[in-house]
Amino acid sequence: MTRRNAENPRTGAPGGPAGTPAQRRWPVLAAALALSWALPLLLDALSLDVVLIPVLVLAIASLIRVGGGLLDRLVVSGFLLCGAVMAFGLLFSVWPWGLSPVPGAGFLLTVVSVCGWLSGRRPHIPLRLRGTDALVLGTFGAVWHYMHHPLAGKSITERLAFFVTSEDRMGHFSYFDGIHHVGGYNFLHQEAAKAFMMTPAEAVYPQGTHFLLAWTDVLVKSSTDGGPTAEMMNRYLLYVIGAYALLCALLVWAARWIGGPRLRGWRAAAVCVTVATVMATSTMSTLVDRGFDSEIVGLLFLAVGLALLVRPAMGRVEFALVAVAGLVTVTFVYNLYGALLGLGLAAVLVVHRRRFAPRRGLLLTALAAGTLLAGLPSIFSVLTKLDVSKTSNLAGPMVVPDRPVLIGCALAALLAASLRSNRRTATGQVMLVLVIGAMAVLTLFGIYQTKTLGYLSYYFEKLAAGGLVISLISLGLVGLLLTPGQQAQGSPRRRRTERLLQSGLAAGTALALFGGVQFGIPSGWTSFAERLNTTSTFHQSPLIKWAKGGSRSDMGPPARALVERDLKDRPGPVIALYANDSYLNLKSTFLAALLNHRAGDMVALYEIFYVQMGGPPTEKDNQKREFASLYDTSLTHLKKALAAGPAAPSIRGGDRTVADRLSRVLSGAGIKASVV
């Protein structure tokens with residue numbers, strides 16, 4: 001290789017002028033374009049379209065020059081792929097082929113081929129691995145193990161009890177289902193999408209998560225037909241579980257990335273295991289239980305995007321691509337976090353203003369175009385049906401980030417960034433601005449909600465989760481405060497052994513301090529008899545509760561009845577009244593609507609939330625003086641649902657006597673509805 005075309009050992013970028021005539025040969029482009037379409041056609045014929053995902057990741061990884069290790073390169077290329085899928089998804093939504101695997105994958109591979117040809121770069125992927133790669137991958141494996149454990153060995157129908165743990169997940173699945181059927185973003189097919197979800201969600205809710213998962217599901221199935229709905233629900237739940245495991249792993253990676261090449265050995269192990277332990281043992285795993293699926297994916301992209309902005313160890317082209325991908329992925333998935341990513345982008349542009357001075361206009365133009373592209377769905381929703389002030393004060397179930405971790409890590413980041421040694425570095429300066437800015441945003445939003453509501457509500461805690469992400473990835477900078485110590489003397493084997501032992505001790509320390517792991521040692525605060533049965537804080541965490549099946553909903557019997565019996569040959573609207581529990585009836589009716597791809601019916605059928613009848617009266621019910629009154633109230637709300645809802649629904653009851661009585665009452669009132 002000549003010196004002119006050699007790679008820069010610091011940035012990985014070509015040392016000479018990219019794109020010389022020798023590197024831009026037309027036969028090379030023709031071959032790349034032919035392969036870009038031949039490979040998807042071949043894999044589609046073999047029903048192996050899912051292989052296109054790693055192919056795309058590797059193709060992008062071979063052309064970018066970010067990170068000196070294999071895992072770093074794969075993370076960044078996967079991040080860019082997700083941004084490309086969501087951005088070009090706007091095109092996929094309006095062209096005639098929808099989400100069909102071959103046109104979409106062929107188009108993406110064509111874009112990669114043309115960009116590679118224009119850059120003049122030779123494909124190259126670094127194969128170097130770091131010891132802490134095992135901690136990143138191990139975090140994913142451990143979290144996946146605990147999350148998947150209660151599903152292992154269960155049938156598709158039995159798994160629905162874990163799918164229907166909240167209304168939120170059912171709503172998210174309806175957006176996913178709608179994208180599957182309309183062949184693109186729901187907000188671009190609003191009239192068709194209304195059948196699959198409760199309006200105005202088709203216009204106002206960010207759909208990046210659901211589009212990305214639907215695109216992935218099409219490749220997994222090698223078809224735009226999702227198959228039986230119960231199987232779609234199972235795959236969707238697996239995607240969500242995988243997303244949470246990936247969030248935990250990528251937070252570990254992000255903290256290590258911010259630490260940079262100086263963070264190594266036992267210090268890197270201490271940082272990585274601390275981040276992993278906090279995510280495994282804190283309240284954050286409750287995000288899966290509560291069905292906050294878009295928040296999970298939004299936090300994932302926020303972590304990767306901010307890490308790459310805080311330490312932009314890449315050339316200008318890669319920086320522009322990463323910044324635009326961050327803007328698109330975060331705002332398309334969860335636009336609330338766009339403010340935090342925008343704060344990080346503004347900080348890096350100011351701190352690195354001299355570095356980006358050459359061709360600054362071109363860079364700012366690209367970022368402005370990316371910002372406009374990223375904001376299109378949000379602008380569309382605001383100009384149509386979204387009431388921003390009302391939405392920002394919504395109430396609902398909350399996952400409250402651990403305050404000691406959030407505040408403690410933020411203060412530690414401020415300390416680390418304010419020290420003179422780090423304050424002189426660009427990474428330290430950007431981190432300092434980001435932490436102070438995020439604290440200011442949280443404080444101002446908290447003051448706004450306190451003034452308008454009198455308390456901190458739903459979206460404050462979601463914004464606080466973004467603050468927790470910033471606090472955790474900042475530990476990479478905090479880890480640099482630890483003194484590395486002198487390297488061991490002697491043979492390379494002895495040095496490696498010492499580093500491994502020190503890293504093990506650092507990991508054990510993090511598990512004990514931040515995860516409450518006692519390593520089998522009984523607690524010292526109980527009597528001797530109680531100590532034998534005392535479990536550690538780790539075993540009392542939400543993650544372990546989920547792994548033991550503690551988060552299983554009461555929807556097992558209704559789900560089995562709907563899938564195996566009550567929905568067969570009944571594609572129309574269904575109201576499922578299986579119990580005298582109004583919330584169970586609501587979720588059963590919602591599940592029936594999802595199984596029939598009719599979640600749009602729930603706009604009117606939400607009156608079922610007040611219907612406390614359908615099952616056989618229990619002895620406890622008969623003892624209630626107000627039981628008769630509850631029946632009358634329930635009947636009133638049921639009639640409202642029937643009047644406002646779709647015509648002639650089928651009502652599935654859980655007790656023959658109640659069903660017969662209900663049938664007579666509705667028939668006498670002239671209401672057309674079959675009661676079974």
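Preceding block: the structure.
Residues numbered from 1 in each chain as written. Predicted model: local features only at pLDDT ≥ 70, side-chain atom pairs only at ≥ 80, totals over all residues. Heavy atoms only, no water.

Participant: Which residues make up the packing of aromatic side chains, and what are the values?
Facilitator: Counted under the stated rule, the structure contains 26 aromatic pairs. Consider the rings of W95 and F107, whose centres lie 5.9 Å apart with planes at 90 degrees: the pair is edge-to-face. Of the two residues, W95 sits in the loop between helix 3 (70–92) and helix 4 (101–119) while F107 sits in helix 4, which places them 12 residues apart along the sequence. Measuring from centroid to centroid gives 4.4 Å for Y185 and F211, while their planes differ by 20 degrees, and the two rings are stacked. With a gap of 26 residues between them, Y185 in the loop between helix 7 (167–182) and helix 8 (190–193) and F211 in helix 10 (residues 208–221) connect regions that are remote in the sequence. Judged by its relative accessible area of 0%, F211 falls in the buried class. Each residue in the set F88, F92, W95, W97 and F107 is aromatic and connected to the rest through ring pairs, giving one cluster. One cation-aromatic arrangement involves R311 over W257; the distance from NZ or CZ to the ring centre is 4.2 Å. Its end group placed over the ring of F292, K462 keeps NZ or CZ at 3.6 Å from the ring centre. (Phe/Tyr/Trp six-rings, centres within 6.5 Å; stacked < 30°, edge-to-face > 60°. Helix = DSSP H or I, 4+ residues; strand = E, 2+ residues; numbered from the N terminus. Buried < 20%, exposed > 50% of the residue type's maximum accessible area, 1.4 Å probe, protein only. Lys NZ or Arg CZ within 6 Å of the ring centre and 35° of its normal.)

Participant: Before we move on, could you go through the packing of helix 7 against helix 11 (residues 229–259) and cite the residues and values that matter?
Facilitator: One can describe the packing of helix 7 onto helix 11 by two numbers: an axis separation of 11 Å at closest approach and a directional angle of 110 degrees. Our classification of the angle between helix 7 and helix 11 gives roughly perpendicular. Note that helix 7 runs across helix 11; the crossing there is right-handed. In contact with R169, H172, F173, F176, D177 and H180 of helix 7, helix 11 contributes T229, M232, M233, Y236, L237 and V240. Taken together, the residues that form the contact of helix 7 with helix 11 break down as 7 nonpolar, 3 polar and 2 charged. (Axes fitted to C-alpha atoms, helices over the stretch in contact; angles between N-to-C directions. Parallel < 35°, antiparallel > 145°, perpendicular 65-115°, else oblique. Left-handed = near helix turned anticlockwise from the far one by under 90°. Contact = heavy atoms within 4.5 Å. Nonpolar A, V, L, I, M, F, W, Y, C, P; charged D, E, K, R; others polar.)

Participant: Tell me what's going on with empty space enclosed by the protein, and back it up with residues and numbers.
Facilitator: Applying the stated rule across the entire model yields 4 cavities of 30 Å³ or more. Computed from the structure, the largest cavity encloses a volume of approximately 100 Å³. In terms of lining, the largest cavity is formed by 14 residues, of which the most central are Y205, P206, Q207, P377 and S378. In terms of residue count, helix 17 (residues 360–384) provides more of the lining of the largest cavity than any other element does, 3 residues in total. Split by residue class, the lining of the largest cavity holds 8 nonpolar, 6 polar and no charged. (1 Å grid on protein atoms, 1.4 Å probe; cavity = no way out; pocket = protein on both sides within 12 Å on 5 of 7 lines; lining within 4 Å. Points joined across faces, edges and corners; volume = space filled by probe spheres on them.)

Participant: Which residues make up the sheet that holds strand 2 (residues 650–653), and what values go with them?
Facilitator: Strand-to-strand pairing in sheets goes through backbone hydrogen bonds, with the strands running parallel or antiparallel. Overall, parallel pairing links the 3 strands, which are arranged 1-2-3 in an open sheet. Bordering the open sheet on either side are strand 1 (574–577) and strand 3 (674–675), each of which pairs with just one other strand. Note: strand 2 against strand 3, 2 bridges, orientation parallel. Looking at strand 3, one finds that S650 is bridged to S674. (Pairing = 2+ DSSP bridges.)

Participant: Summarise the pattern of salt bridges; cite the residues concerned and give the values.
Facilitator: For the structure shown, the criterion picks out 12 salt bridges. Across the salt bridge formed by R256 and D72, the nearest N and O atoms sit 3.1 Å from each other. Pair noted here: R256 is in helix 11 and D72 is in helix 3, with a separation of 184 residues, a long-range link. Overall, D72 belongs to the buried group, its relative accessible area being 9%. For D293, the salt bridge identified is with R169, shortest N-O distance 2.8 Å. Placement of the pair is D293 in helix 14 (residues 293–310) and R169 in helix 7, with a sequence separation of 124 residues. (Salt bridge = Lys/Arg side-chain N within 4 Å of Asp/Glu carboxyl O.)

Participant: An account of the packing of helix 3 against helix 11 is requested, with residue identities and associated values reported.
Facilitator: Contact geometry of helix 3 with helix 11 gives a least axis separation of 12 Å together with a crossing angle of 115 degrees. Of the two elements, helix 3 crosses helix 11, and the hand of that crossing is left-handed. Touching L71, D72 and V75 of helix 3 are L250, W253, R256 and W257, all from helix 11. A breakdown of the residues in the contact of helix 3 with helix 11 according to their chemical character gives 5 nonpolar, no polar and 2 charged.

Participant: Go over a positive patch on the surface, please, and point to the residues and values.
Facilitator: Positive charge collects at one region of the surface, where R128, R264, R493, R496 and R499 lie side by side. Counting through the fold element by element, R493 comes out in helix 24 (residues 492–515). (Patch = residues over 30% accessible without salt bridge, like charges linked within 9 Å, V, L, I, M, F, W, Y side chains within 5 Å. Areas by Shrake-Rupley, 256 points an atom, 1.4 Å probe, with all protein chains shown as cover. Lys, Arg positive; Asp, Glu negative; His and termini not counted. Charge placed at Lys NZ, Arg CZ, Asp CG, Glu CD.)

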